[in-house]
Every structure is written in C-alpha cells, then in structure tokens.
Amino acid sequence: MVIATVSPASTRSYHGTDSTYVLPNDATEQDRLDAQATAIVAMIGGVPVLAPIGTMQETTAKAVDVGCGTGVATMQIASYLPSATVYGLDISEVAQSSQIMAPPNVTWVVGNILHVDHDKKVGDDLVTCKIFARSSLDYIFGRMLFLGINDWPRYFSVATRALAPGGYIEHQDLDWNFYRVGTNDCLSDNWEWHRRVVSAIEKLGMSARAGSDARGAMEEAGLEVKAVKTFEFSFVPSSKSPQSQPMGRYVQEKLVPQYPELLRKLLETETTPNELSRLTKECLRDISCEEGIHQKYTVTLARKKM
C-alpha cells in the first residue's frame, strides 16, 4: 500500500480558465488520468462505454467526448465509430502526443459545454454552433465530470438540445460517499474531513452525487433513461470484488498520493495549516482503512426520444 505524505505547499499547474474544475493539468495528472482510464475499463467489463456501439456504427455521424482529458476515451470511441466525426472537448488543450496518435476522424477542441448558448441568434464559436448545434449529435459521452461541472441541469439541458432524435448520451461518474465492499454500508458519514470536502464542493456548485443523481437529472431534461449500472470504484483491492481489483491498485498507486493536493485545493482557504494537516492525515487513513472500501461509480445511458 502506498503511503502519501502531507504537503503544505503546491507546485502543481492548473487549467487557466473560469471553470470550477479543481484538479491539475500537469504531467503527473496526465499520467494519473491515463491509468484511471485503464482501470475504469477493467471495472465496467473490459469496454470503455456501455452504449450499444455495435448498433450505432451505421447511424452515428457525430459524437463528442465531454471533458476528454488526455483523450483516451475519445480515441477509443473514434475507433468504434470510424465513420463518425468524434470531437474531444476539454477546457485545456489535449497533449500533443494524443493529437499525434488520434485516428483521422478525431477533432480536438478547447471549450466548455456550460458555455454553450442555444438561444443565441448569431454566433460563430465552434462549440455552440458546430459541435452542439441543435439536434446534431448522435452520441454524447462524459466521464468523471464530478469535479468540473457546477450546473448539472444546464449540462443535461444543453445535451438534450444538441442530441438528434434517437441519439444517446452516456454519463459515467462518482458519488463522494465511501462504502464497505459488496454492501451499501456507508463508512464516511462520521468522517470530519469528508463532511468538509463535500461542503466545499457544494459551495462551488458541484454535486456529491454526480453519478447516482444523473438518472433524475436526465429525466428532468426530457431524456429517456435506458440503463443504469453501478460499480465499485475500489480504493483498496479486495478478493471480494475481483473486477475492481485493478481500480484498487490504481487508486493506491496513483490517486491516493494526489489526495493531499486535492484537500489543499478545496480546504486551504477555510482551514489553518495545522487543521488542514490533521484533516489530510485523517483522510489518508480513512480512504485506505479496509479492503474493498469504495465509492459508487454509476453509468447512466439515456436516449432522446424519436
């Protein structure tokens, strides 16, 4: 098991935008995101998406990966849908290495879905007028957006307007609570650092239930939910959840060491240095306190009515 240290200062680099996204965009973070993508595929059954890609190949002309990060999922989707134009959208430019590796049907775009304004009568920005033009998208994919989206009703409203009739939207995301392996026994109810983090993200407009609340938000936006599946995003590997063992190994190696910086980013302005140090130590203890401890990862698939 990896033991992360508590660091009082940061040398990390962040996205230079007005987005609420709180994670860095440096080489360390790019490496973590690539490892996370691999672990997620293993966790959900060996494929990056749960949409019926096989039946979508002939009918999908345009797709977008929202918050594409390093572009791993974008390129995977593009390989499944070789006849479609697939956009990788992120608030920062995708690394040059990904741009070089990408299939020819991928287009990388810097932008924010929350800035899309379908009520504009005139506009020339690529994101609003081309990618998210009304009724033009056949597939919208978004994964792990819980630390970046601060207006979920708007997110799904934009998506609904942009989807073509019969188009699919797939949302994969986490809730913040921690559970015992194989159960719904919540372990984090009495963790002080957890309450403080949830309070901090909610003040920023983000949701602590971005995964499990997606179904309701999609239905409110007028979408028809077709499937909901929940997986254990393990923080410590356990033989009781073999499908999530790669996730547990990834978390211990790549994610746990980043938690001190995450807590610093979220709590620094509301705590003293000593208090932040104490909360961080308690966090690192709690998130690795037993085998199979996990957060719930929910995949929600919906479709715009014909």
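For the structure, check the block above.
How each quantity is defined
Residues numbered from 1 in each chain as written. Predicted model: local features only at pLDDT ≥ 70, side-chain atom pairs only at ≥ 80, totals over all residues. Heavy atoms only, no water. Phe/Tyr/Trp six-rings, centres within 6.5 Å; stacked < 30°, edge-to-face > 60°. Helix = DSSP H or I, 4+ residues; strand = E, 2+ residues; numbered from the N terminus. Buried < 20%, exposed > 50% of the residue type's maximum accessible area, 1.4 Å probe, protein only. Contact = heavy atoms within 4.5 Å. Polar contact = N/O pair within 3.5 Å; in protein donor to acceptor, adjacent residues only side chain to side chain. Core = buried A, V, L, I, M, F, W, Y, C linked by side-chain atoms within 4.5 Å. Salt bridge = Lys/Arg side-chain N within 4 Å of Asp/Glu carboxyl O. Pairing = 2+ DSSP bridges. Right-handed = clockwise from strand over helix to strand, strands pointing away.

Enquirer: Report on the packing of aromatic side chains, specifying residues and quantitative values.
Expert: Under the definition given, this model contains 12 aromatic pairs. Ring geometry for F178 versus F235: centroids 4.9 Å apart, planes at 75 degrees, classification edge-to-face. Separated by 57 residues along the polypeptide, F178 in the loop between β5 (163–174) and α7 (192–203) and F235 in the loop between β6 (224–234) and α9 (245–255) bring together distant segments of the chain. Overall, the relative accessible area of 0% leaves F235 in the buried class.

Enquirer: Run through helix α6 (residues 152–162), naming residues and quoting values.
Expert: Side chains three or four residues apart in an α-helix point the same way, a direct result of the helix having 3.6 residues per turn. Buried residues of α6: W152, Y155, F156, V158, A159, T160 and A162, and no others. Buried positions along α6 lie against β1 (62–66), β4 (137–143), β5 and α8 (214–220).

Enquirer: Could you give an account of the environment of A61, naming the residues involved and the relevant values?
Expert: In this structure, A61 sits in the loop between α2 (53–56) and β1. Between the C-alpha atom of A61 and that of S83, which follows or precedes it by 22 residues, the distance is 6.7 Å.

Enquirer: For unusual backbone geometry, give the residues involved together with the corresponding values.
Expert: Trans peptide bonds make up most of the peptide bonds, and negative phi angles are found at most residues other than glycine. Even without glycine at this site, S135 takes up a positive phi of about 55 degrees. Structurally, the position occupied by S135 is in the loop between α5 (126–131) and β4. The phi angle at M144 is positive, at roughly 55 degrees, despite the residue not being glycine. The topology assignment puts M144 in the loop between β4 and α6.

Enquirer: Which residues make up the environment of K304, and what values go with them?
Expert: By the element assignment, K304 lies in the segment after β7 (294–303). On the accessibility criterion, K304 (17% relative accessible area) is buried. Here the alpha-carbon distance between K304 and E270, two residues 34 residues apart in the chain, equals 42 Å. Once you skip the residues sitting within four places of it in the chain, K304 turns out to touch S135, T160, R161, L163, A164, P165, G166, G167 and L223.

Enquirer: Describe the environment of S136, and please don't skip the residues or the numbers.
Expert: Tracing the sequence through the fold places S136 in the loop between α5 and β4. Residues S136 and V49, spaced 87 residues apart in sequence, show a C-alpha to C-alpha distance of 21 Å. Not counting residues up to four positions away in its chain, the partners in contact with S136 are K62, K130, I131, A162, L163 and A164. Of note is the side chain of S136, whose polar atom sits 2.7 Å from the backbone oxygen of A133.

Enquirer: Please set out the side chain of T60 residue by residue, giving values where relevant.
Expert: Note that T60 resides in the loop between α2 and β1. Assessed through its relative accessible area of 5%, T60 is described here as buried. A polar contact is formed between the side chain of T60 and the backbone oxygen of M56, at a distance of 2.8 Å.

Enquirer: Pulling in residues and values, what's your account of the nonpolar core?
Expert: Ranked by size, the top nonpolar core spans 70 residues in total, and within it F132, Y155, I169, W176, F233, Y259 and Y297 carry the most contacts. One finds L81, Y139, Y168 and L301 within the second-largest nonpolar core, a separate group that totals 18 residues.

Enquirer: I'd like a rundown of the pattern of salt bridges, residues and numbers included.
Expert: The final tally for this structure, using the stated rule, is 17 salt bridges. The partner of R209 in a salt bridge is D213, with the nearest N and O atoms 3.1 Å apart. The salt bridge partner of E282 is R278, with a shortest N-O separation of 3.0 Å. Note that E282 and R278 are positioned in helix α11 (residues 273–286) at a spacing of 4 residues, about one turn of the helix. What emerges from the salt-bridge pattern is a single network uniting E192, R196, E275, R278 and E282.

Enquirer: Describe α9, and please don't skip the residues or the numbers.
Expert: Those residues of α9 that fall on the buried side of the exposure criterion are M247, G248, Y250, V251, Q252 and L255. Those residues of α9 that are buried are in contact with α1 (27–43), β6 and α10 (259–267).

Enquirer: Run through the pairing of strand β2 (residues 85–90), naming residues and quoting values.
Expert: In terms of burial, β2 is largely enclosed, as 5 of its 6 residues are buried. The pairing of β1 with β2 spans 5 bridges and is classified as parallel. Residue pairing across strands places K62 opposite T85, the latter belonging to β2. Regarding the hand of the β-α-β motif, the stretch spanning β1, helix α3 (residues 72–80) and β2 is right-handed. Here 5 bridges tie β2 to strand β3 (residues 106–110), and the two strands are oriented parallel to one another. Bridge pairing in β3 links L89 to V109.

That's the geometry; what it means functionally is another story.
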